[in-house]
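This is what each chain is made of:
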Amino acid sequence: YDRMFQGCTGLTALPNLPATIMAEGCYCSMFDGCTGLTTVPTLPTTTLAKECYWGMFQDCTELTTAPELPVTVLADGCYGRMFRGCTKLTDAPELPATTLARECYRDMFENCTGLTTAPELPVTTLAMGCYAGMFAGCTRLTTAPELPAMNLAVYCYSRIFAGCTGLTAAPKLPATQMAVHCYDNMFQGCTNLTTAPALPAMNLDEGCYCGMFNGCTALETPPTLPATTLADWCYEAMFFGSGLKTAPVLPATTMKISCYYMMFRGCTELTTAPELPATTLAETCYKEMFYGCSKLNYIKVNFTAWNRFVNEWDETLDSTEEWVNGVAATGTFVCPASLDTITRSTSRIPEGWTINQTPVSNIDYLC
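I will try to describe carefully the structure that is included in this document. (Residues numbered from 1 in each chain as written. Predicted model: local features only at pLDDT ≥ 70, side-chain atom pairs only at ≥ 80, totals over all residues. Heavy atoms only, no water.)

**Things to note about the overall build of the protein**
Thought 1: The helix and strand inventory of the protein stands at 1 helix and 5 strands.
Thought 2: The helix and strand sequence of the protein, counted from the amino end, reads β-β-β-β-β-α.
Thought 3: By its C-alpha atoms, the protein is 85 × 40 × 30 Å across when sized along the principal axes.
Thought 4: Here the protein holds 367 residues, and 51% of them are scored as buried.
Thought 5: Put simply, the protein has 19 plus and 34 minus side-chain charges, and the middle of one group is 4 Å from the middle of the other. (Helix = DSSP H or I, 4+ residues; strand = E, 2+ residues; numbered from the N terminus. Buried < 20%, exposed > 50% of the residue type's maximum accessible area, 1.4 Å probe, protein only. Lys, Arg positive; Asp, Glu negative; His and termini not counted. Charge placed at Lys NZ, Arg CZ, Asp CG, Glu CD.)

If you want it as structure tokens, here you go:
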């Protein structure tokens, strides 16, 4: 029945759907864009299949209620985009599943702008992309469900609350072992979020916090970031465009590829950078880190040489490429005495800033 009634805007009465065993994609986008529908059929199935309900009621803008979804074992993409764009849906069905599957709830309620209550999500072992974009764009959602999972998966919470402008507080995130891009853009555009959750993880993974608080303009205080061992891209754009007035302590001394790339880009209220204790840089580790931080006037570093690399397009770039583009016109740059301070640019030391070189050892001091 894939796309069987897609775009039938005059359809108001629904057929019975008595099947109890699904096949792959069987109801995919079946009523997508049926803007005249106000109710849904009963879905008595006990066994799901890959993408069986994917986009089934997508953009049914007059739909006010959802069917019961009692199945406890899910299949890949089974509920993906099922109610996406159902702007009059106010209550979500209960989701009793105890075993998740890849992208099982992906974008399920995305842009359901009338949704005020989220279902409970008690599962503690997640699957790849299982909650990705689940409530993205649900602007009337004011309370997030609890997220007790300790076993995360690739992209599991990616964009789950992106654009939820009604959220003021984030749920607890107790996991201590990260997964690849697990919190990717999790709260992107949550412009009223004032409180960040604690982030206790010491074991990071590639891109785990990428864009997590991107555009959270009301967030002034960051969470503590205790990890001392980083991963490639782990903090990429984490606070991009947020309202931070203070930066978190960054204790790690060994850099990874693009680990802090764009981390504070566009944080226009930030005046002091966190101390950067690393003595050796990695490829693009600080690239665009403070780009557009127009009030930033103090940076202290501990590296002793500017690192350069050649990318796949044969461009030669600094590890600090454009990292101080758009910072305050005057400020103080504190660095070891052995660091080359001759070059002034947006990729090294800002024009107009005072340089304060400090000895890094007793030998330097005596020299």
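Next comes the rest of the write-up.
**Regarding a negative patch on the surface**
Thought 1: A cluster of acidic residues, E68, E94, E120 and E146, forms a negative patch at the surface.
Thought 2: Its location among the elements puts E146 in the segment before β1 (298-300).
Thought 3: Exposure remark for E146: the relative accessible area of 68% places this residue in the exposed category. (Patch = residues over 30% accessible without salt bridge, like charges linked within 9 Å, V, L, I, M, F, W, Y side chains within 5 Å. Areas by Shrake-Rupley, 256 points an atom, 1.4 Å probe, with all protein chains shown as cover. Salt bridge = Lys/Arg side-chain N within 4 Å of Asp/Glu carboxyl O.)

**Regarding the environment of L11**
Thought 1: Here L11 lies in the segment before β1.
Thought 2: In this structure the C-alpha to C-alpha distance between L11 and C34, which are 23 residues apart in sequence, comes to 6.4 Å.
Thought 3: When neighbours within four sequence positions are excluded, L11 is seen to be in contact with F5, F31, C34, G36 and L37. (Contact = heavy atoms within 4.5 Å.)

**A word on the packing of aromatic side chains**
To describe a pair of aromatic rings, you give the distance between the ring centres and the angle between the ring planes.
Thought 1: On inspection of all chains with the given rule, the structure shows 31 aromatic pairs.
Thought 2: Taking the centre distance of 5.7 Å and the plane angle of 10° together, the rings of F83 and F109 count as stacked. You can see F83 sitting in the segment before β1 and its partner F109 sitting in the segment before β1, a full 26 residues away along the chain. You'll find F83 and F109 in the same group, each marked buried.
Thought 3: For the pair W323 and F333, a centre-to-centre distance of 6.3 Å together with 85° between the ring planes defines the contact as edge-to-face. With W323 in the loop between β3 (316-318) and β4 (332-336) and F333 in strand β4, this pair connects stretches of sequence that are 10 residues apart. No difference in accessibility class separates W323 from F333, as the two residues are buried. (Phe/Tyr/Trp six-rings, centres within 6.5 Å; stacked < 30°, edge-to-face > 60°.)

**What about the side chain of E236?**
Thought 1: Along the chain, E236 turns up in the segment before β1.
Thought 2: Salt bridges are absent for the buried E236, whose nearest opposite-charge side chain, K287, sits at 9.3 Å.
Thought 3: The contact partners of E236, leaving out residues within four places of it in the chain, are Y209, C210, G211, C259, Y261 and M262.

**A short note on the nonpolar core**
Thought 1: Ranked by size, the top nonpolar core spans 121 residues in total, and within it F135 and Y183 carry the most contacts.
Thought 2: Other than its neighbours up to four places away in sequence, Y183 contacts L152, Y157, L173, A175, M178, L199, C208, Y209, C210 and M212. (Core = buried A, V, L, I, M, F, W, Y, C linked by side-chain atoms within 4.5 Å.)

**Description of the pairing of β4**
Thought 1: For β4, the buried fraction is high: 4 of the 5 residues fall into the buried class.
Thought 2: Across 3 bridges, the pairing between β1 and β4 is parallel. Across the sheet, residue I299 finds its bridge partner in β4, namely F333.
Thought 3: Judged from the 5 bridges that link them, β4 and strand β5 (residues 354-358) form a sheet pairing that is parallel. Among the inter-strand pairings, C335 is bridged to a residue of β5, identified as Q357. (Pairing = 2+ DSSP bridges.)

**Structural notes on the sheet that holds β1**
Thought 1: Spatially, 3 strands are ordered β1-β4-β5 in an open sheet, and the strand pairing comes out parallel. Edge positions in the sheet fall to β1 and β5, since each of these pairs with one other strand and no more. Going from strand to strand, the sheet's axes swing by 15° on average, the running direction of each strand aside. (Axes fitted to C-alpha atoms, helices over the stretch in contact; angles between N-to-C directions.)

**Comments concerning the environment of R159**
Thought 1: Looking at the secondary structure, you find R159 in the segment before β1.
Thought 2: For R159, a relative accessible area of 28% corresponds to the partly exposed category.
Thought 3: Each C-alpha atom, one on R159 and one on Q188, is 6.8 Å from the other, the two residues being 29 residues apart in sequence.
Thought 4: Setting aside residues up to four positions removed in sequence, R159 forms contacts with D107, E110, G133, A136, D184, N185 and M186.

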